[in-house]
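The residues making up each chain are set out below.
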Amino acid sequence: LSRTATISLYKNNKYVGIANPETRFYPIEQTFTHESSIVHTVYGDIYFTLGEVIKNQNLNIKIKYKPFVYLVWYGSVLMVIGVFLRILTKTNHE
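Analysis parameters
- Residues numbered from 1 in each chain as written.
- Predicted model: local features only at pLDDT ≥ 70, side-chain atom pairs only at ≥ 80, totals over all residues.
- Heavy atoms only, no water.
- Salt bridge = Lys/Arg side-chain N within 4 Å of Asp/Glu carboxyl O.
- Buried < 20%, exposed > 50% of the residue type's maximum accessible area, 1.4 Å probe, protein only.
- Helix = DSSP H or I, 4+ residues; strand = E, 2+ residues; numbered from the N terminus.
- Polar contact = N/O pair within 3.5 Å; in protein donor to acceptor, adjacent residues only side chain to side chain.
- Contact = heavy atoms within 4.5 Å.
- Core = buried A, V, L, I, M, F, W, Y, C linked by side-chain atoms within 4.5 Å.

Q: An account of the pattern of salt bridges is needed here, citing residue identities and associated values.
A: Here the structure, examined in full by the defined rule, presents two salt bridges. One salt bridge in this structure joins Glu 22 and Arg 24, with 3.2 Å as the shortest N-O distance. On the basis of relative accessibility, which here comes to 18%, the residue Glu 22 falls in the buried class. Put simply, Glu 35 and Arg 24 hold a salt bridge, and the shortest N to O gap is 3.9 Å. Note that Glu 35 is positioned in strand β5 (residues 31-35) and Arg 24 in strand β4 (residues 22-26), a separation of 11 residues in sequence. On the basis of relative accessibility, which here comes to 33%, the residue Glu 35 falls in the partly exposed class. With relative accessibility at 29%, the residue Arg 24 sits in the partly exposed group. Through salt bridges with shared partners, one network takes in Glu 22, Arg 24 and Glu 35.

Q: Please provide a residue-by-residue account of the side chain of Ser 37, values included.
A: In this structure, Ser 37 sits in strand β6 (residues 37-40). A polar contact of 2.9 Å, which involves the side chain of Ser 37, links it to the backbone nitrogen of Asn 20. Setting aside its immediate chain neighbours within four residues, Ser 37 contacts Ala 19, Asn 20, Pro 21, Ile 46, Tyr 47 and Phe 48.

Q: An account of the nonpolar core is needed here, citing residue identities and associated values.
A: Core analysis: the biggest nonpolar cluster contains eight residues, these being Ala 5, Ile 7, Leu 9, Ala 19, Val 39, Ile 46, Phe 48 and Leu 50. Elements that contribute at least two residues to this core include exactly β2 (7-11) and β7 (44-54). Examining the composition of this core, we find that three residues originate from one element, β7, more than from any other. Not counting residues within four places of it along the chain, the set of residues in contact with Leu 50 comprises Arg 3, Thr 4, Ala 5, Pro 21, Glu 22, Thr 23, His 34, Leu 59, Asn 60 and Ile 61.

Don't take any of this as a statement about function, it's just geometry.
Right, here's the structure in full:
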């Protein structure tokens, strides 16, 4: 059993992205799992997570904004480039 929402994200009437968060129920274990959906933007990531249904009508949605997540990936790439440059310059001087 699962519940999925489709959320379209707009900023200043411009389409940014679409999110499809999901909540799953496993009857044998009697547990819920919440699958987040991520919309990647230039300045950060927006996470959407479904919560519980309130009074059988409203759905609770948790939204988190994580700015500058892309800097983690750029930093990793810069470190790898730095290692390769160090290896190349070390072998050329010996």
